[in-house]
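Examining the three-dimensional arrangement
Below are the chains, spelled out letter by letter.
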Amino acid sequence: QVQLVESGGGLVQPGGSLRLSCAASGSIFNIDAMGWYRQAPGKQRELVAAITSAGSTNYADSVKGRFTISRDSAKNTVDLQMSSLKPEDTAVYYCNIRRRFFGNGYHYWGQGTQVTVSS
(Lines give C-alpha, C1' and ligand atoms only; values in the text may rest on other atoms or scores of the structure.)
Protein backbone atom coordinates (compact mmCIF):
# COMPACT_ATOMS: atom_id res chain seq x y z
CA GLN A 1 0.00 0.00 0.00
CA VAL A 2 2.91 2.32 0.72
CA GLN A 3 5.66 2.72 -1.80
CA LEU A 4 8.89 4.64 -1.37
CA VAL A 5 11.20 5.13 -4.32
CA GLU A 6 14.71 6.49 -3.82
CA SER A 7 16.90 8.02 -6.46
CA GLY A 8 20.14 9.95 -6.75
CA GLY A 9 22.67 7.44 -5.48
CA GLY A 10 25.93 6.80 -7.23
CA LEU A 11 29.70 7.02 -7.10
CA VAL A 12 31.34 10.24 -5.96
CA GLN A 13 34.80 11.28 -4.89
CA PRO A 14 35.61 12.30 -1.33
CA GLY A 15 34.58 15.88 -0.77
CA GLY A 16 31.92 15.68 -3.41
CA SER A 17 28.19 16.18 -3.15
CA LEU A 18 25.14 14.11 -3.89
CA ARG A 19 21.43 14.65 -3.53
CA LEU A 20 19.09 11.80 -2.72
CA SER A 21 15.38 12.00 -3.35
CA CYS A 22 12.50 9.88 -2.14
CA ALA A 23 8.95 9.90 -3.43
CA ALA A 24 6.15 8.36 -1.39
CA SER A 25 2.91 7.09 -2.81
CA GLY A 26 -0.01 4.87 -1.87
CA SER A 27 -1.56 4.88 1.58
CA ILE A 28 0.38 7.80 2.95
CA PHE A 29 -2.10 9.23 5.39
CA ASN A 30 -0.97 10.30 8.83
CA ILE A 31 2.71 10.62 8.03
CA ASP A 32 4.43 11.64 11.23
CA ALA A 33 8.00 11.79 9.97
CA MET A 34 10.19 11.13 6.96
CA GLY A 35 13.85 10.35 6.98
CA TRP A 36 16.90 8.59 5.71
CA TYR A 37 18.76 5.64 7.14
CA ARG A 38 21.86 3.94 5.88
CA GLN A 39 23.49 0.57 6.23
CA ALA A 40 27.11 -0.18 5.47
CA PRO A 41 28.35 -3.74 4.91
CA GLY A 42 28.62 -5.57 8.20
CA LYS A 43 26.97 -2.79 10.16
CA GLN A 44 23.54 -2.11 11.54
CA ARG A 45 21.16 0.26 9.89
CA GLU A 46 21.47 3.71 11.40
CA LEU A 47 19.51 6.92 11.28
CA VAL A 48 21.09 9.59 9.13
CA ALA A 49 18.50 12.33 9.24
CA ALA A 50 14.80 12.74 9.88
CA ILE A 51 12.22 15.45 9.68
CA THR A 52 8.85 15.44 11.38
CA SER A 53 5.58 16.72 10.05
CA ALA A 54 6.06 19.71 12.33
CA GLY A 55 9.37 20.51 10.67
CA SER A 56 11.80 19.53 13.39
CA THR A 57 14.95 17.75 12.25
CA ASN A 58 17.31 15.21 13.70
CA TYR A 59 20.76 14.34 12.37
CA ALA A 60 23.34 11.77 13.21
CA ASP A 61 26.39 13.39 14.78
CA SER A 62 28.55 12.07 11.97
CA VAL A 63 26.67 14.05 9.32
CA LYS A 64 25.81 17.27 11.11
CA GLY A 65 26.93 20.27 9.13
CA ARG A 66 27.36 18.20 5.98
CA PHE A 67 23.91 16.78 5.25
CA THR A 68 20.61 18.60 5.01
CA ILE A 69 17.20 16.97 4.98
CA SER A 70 14.18 18.64 3.47
CA ARG A 71 10.64 17.69 2.62
CA ASP A 72 7.77 18.79 0.46
CA SER A 73 4.53 17.85 2.17
CA ALA A 74 2.42 18.62 -0.88
CA LYS A 75 4.47 16.30 -3.09
CA ASN A 76 5.20 13.73 -0.38
CA THR A 77 8.90 13.81 -1.07
CA VAL A 78 11.95 13.98 1.13
CA ASP A 79 15.44 14.87 -0.03
CA LEU A 80 18.87 14.51 1.48
CA GLN A 81 21.53 16.92 0.31
CA MET A 82 24.93 15.43 1.08
CA SER A 83 28.08 17.51 0.93
CA SER A 84 31.71 17.01 1.91
CA LEU A 85 31.23 13.31 1.47
CA LYS A 86 33.63 10.91 3.13
CA PRO A 87 34.45 7.27 2.40
CA GLU A 88 32.74 6.46 5.70
CA ASP A 89 29.48 7.65 4.16
CA THR A 90 29.52 4.69 1.78
CA ALA A 91 26.37 2.69 2.38
CA VAL A 92 22.98 1.79 1.06
CA TYR A 93 20.66 4.64 1.90
CA TYR A 94 17.04 3.90 2.68
CA CYS A 95 14.12 6.25 2.66
CA ASN A 96 11.77 5.85 5.60
CA ILE A 97 8.40 7.20 6.56
CA ARG A 98 6.63 6.88 9.87
CA ARG A 99 2.87 6.75 10.05
CA ARG A 100 1.13 7.16 13.35
CA PHE A 101 -2.20 5.67 14.38
CA PHE A 102 -3.62 6.06 17.86
CA GLY A 103 -0.20 7.01 19.14
CA ASN A 104 1.56 4.02 17.57
CA GLY A 105 4.21 4.47 14.91
CA TYR A 106 4.64 2.28 11.84
CA HIS A 107 7.68 2.38 9.60
CA TYR A 108 7.88 1.85 5.86
CA TRP A 109 11.04 1.49 3.81
CA GLY A 110 12.24 2.09 0.31
CA GLN A 111 14.35 -0.36 -1.64
CA GLY A 112 17.56 1.52 -0.97
CA THR A 113 20.04 3.36 -3.16
CA GLN A 114 23.78 2.79 -3.14
CA VAL A 115 26.10 5.66 -2.29
CA THR A 116 29.79 5.00 -2.80
CA VAL A 117 32.42 7.56 -1.86
CA SER A 118 35.79 6.60 -3.26
CA SER A 119 38.74 8.07 -5.10
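For the structure itself, look to the data block above.
A brief look at the structure comes next. Along each chain, residue indices are assigned from 1 in the same order as the chain's sequence is written. Reporting in this predicted model follows two pLDDT cut-offs: at least 70 for local features of residues, and 80 or more for side-chain atom pairs to be given and counted; totals over whole chains, interfaces and linings ignore these cut-offs and use all residues. The side-chain figures draw on all heavy atoms in the structure; neither hydrogens nor water molecules are used.

**A few points about the overall build of the chain**
Rule in force here: Numbered from the N terminus, helices here are DSSP runs of H or I no shorter than four residues, and strands are runs of E no shorter than two. For a compact globule the rule gives 2.2 Å times the number of residues to the power 0.38, and the radius of gyration it is set against comes from C-alpha atoms. Exposed residues in this analysis have more than 50% of their type's maximum accessible area, buried residues have under 20%, and partly exposed residues fall in between, with area computed by a 1.4 Å probe over protein chains only. Method for areas: the Shrake-Rupley scheme with a 1.4 Å probe, in which residue coverage is limited to the protein chains shown. Positive charges come from Lys and Arg, negative ones from Asp and Glu, while His and the chain ends are left out of the count. Here the site of a charge means NZ on Lys, CZ on Arg, CG on Asp, or CD on Glu.
Helix and strand counts for the chain come out as zero helices and eleven strands. Start at the N end of the chain and walk to the C end: the helices and strands fall as β-β-β-β-β-β-β-β-β-β-β. Relative to the 2.2 N^0.38 estimate, which gives 14 Å for 119 residues, the radius of gyration of the chain is 14 Å and therefore close to what a compact globule would have. Expressed as lengths along the three principal axes of its C-alpha atoms, the size of the chain is roughly 45 × 25 × 25 Å. The buried share of the chain, taken over its 119 residues, is 39%. Carbon and sulfur atoms provide 49% of the accessible area of the chain, an area that totals close to 6,400 Å². Of note, the chain has its 12 positive side-chain charges centred 3 Å away from the centre of its 8 negative side-chain charges.

**Focus on the nonpolar core**
To keep things clear, this is the line we draw: The criterion is simple. A nonpolar core is a set of buried Ala, Val, Leu, Ile, Met, Phe, Trp, Tyr and Cys residues joined through side-chain atoms within 4.5 Å.
Membership of the largest hydrophobic core comes to 29 residues, with the highest contact counts inside it found for W36, L80, M82 and Y93. Among the elements of the structure, β1 (2-7), β3 (18-26), β4 (31-39), β5 (46-52), β7 (67-72), β8 (77-82), β9 (91-101) and β11 (113-117) are those that each provide at least two residues to this core.

**Things to note about the packing of aromatic side chains**
Applicable threshold: Pairing of aromatic side chains here covers Phe, Tyr and the six-membered ring of Trp, requires ring centres within 6.5 Å, and sorts the geometry by plane angle: under 30 degrees stacked, over 60 edge-to-face, intermediate tilted.
By the definition in use, this model includes two aromatic pairs. Consider the rings of Y37 and W109, whose centres lie 4.9 Å apart with planes at 70 degrees: the pair is edge-to-face. Placement of Y37 in strand β4 and of W109 in strand β10 (residues 104-109) is noted, with a sequence separation of 72 residues between them. Taking relative accessible area as the criterion, W109 reaches 35% and is therefore assigned partly exposed. For the ring pair F101 and Y106, a centre distance of 5.8 Å and an interplane angle of 55 degrees mean the geometry is tilted.

**Comments concerning the environment of C95**
What counts here: Two residues form a contact once any of their heavy atoms are found within 4.5 Å.
Looking at where C95 falls in the secondary structure, it is placed in strand β9. The spacing of C95 and T113 is 18 residues in sequence and 8.8 Å in space, taken between C-alpha atoms. Not counting the four nearest positions on each side in its chain, C95 is found in contact with L4, E6, C22, G35, W36, V78, Y108, W109 and G110.

**As for the sheet that holds β1**
Quick reminder of the rule: Each pair of strands is called paired provided DSSP finds at least two bridges between the two strands. Note on definitions: angles span 0 to 180 degrees between N-to-C directions of axes, and those axes are lines fitted to C-alpha atoms, for helices only across the stretch in contact.
An order of β1-β3-β8-β7 is seen for the four strands of this open sheet, with the pairing classed as antiparallel. Of all strands in the sheet, those with a lone pairing partner are β1 and β7, marking the two edges. For this sheet, the mean inter-axis angle between neighbouring strands, taken without regard to orientation, is 15 degrees. Sheet analysis places β3 next to β8, joined by six bridges and oriented antiparallel. Bridging across to β8, C22 finds its partner in V78.

So far we have only geometry, and geometry alone does not tell us how the molecule works.
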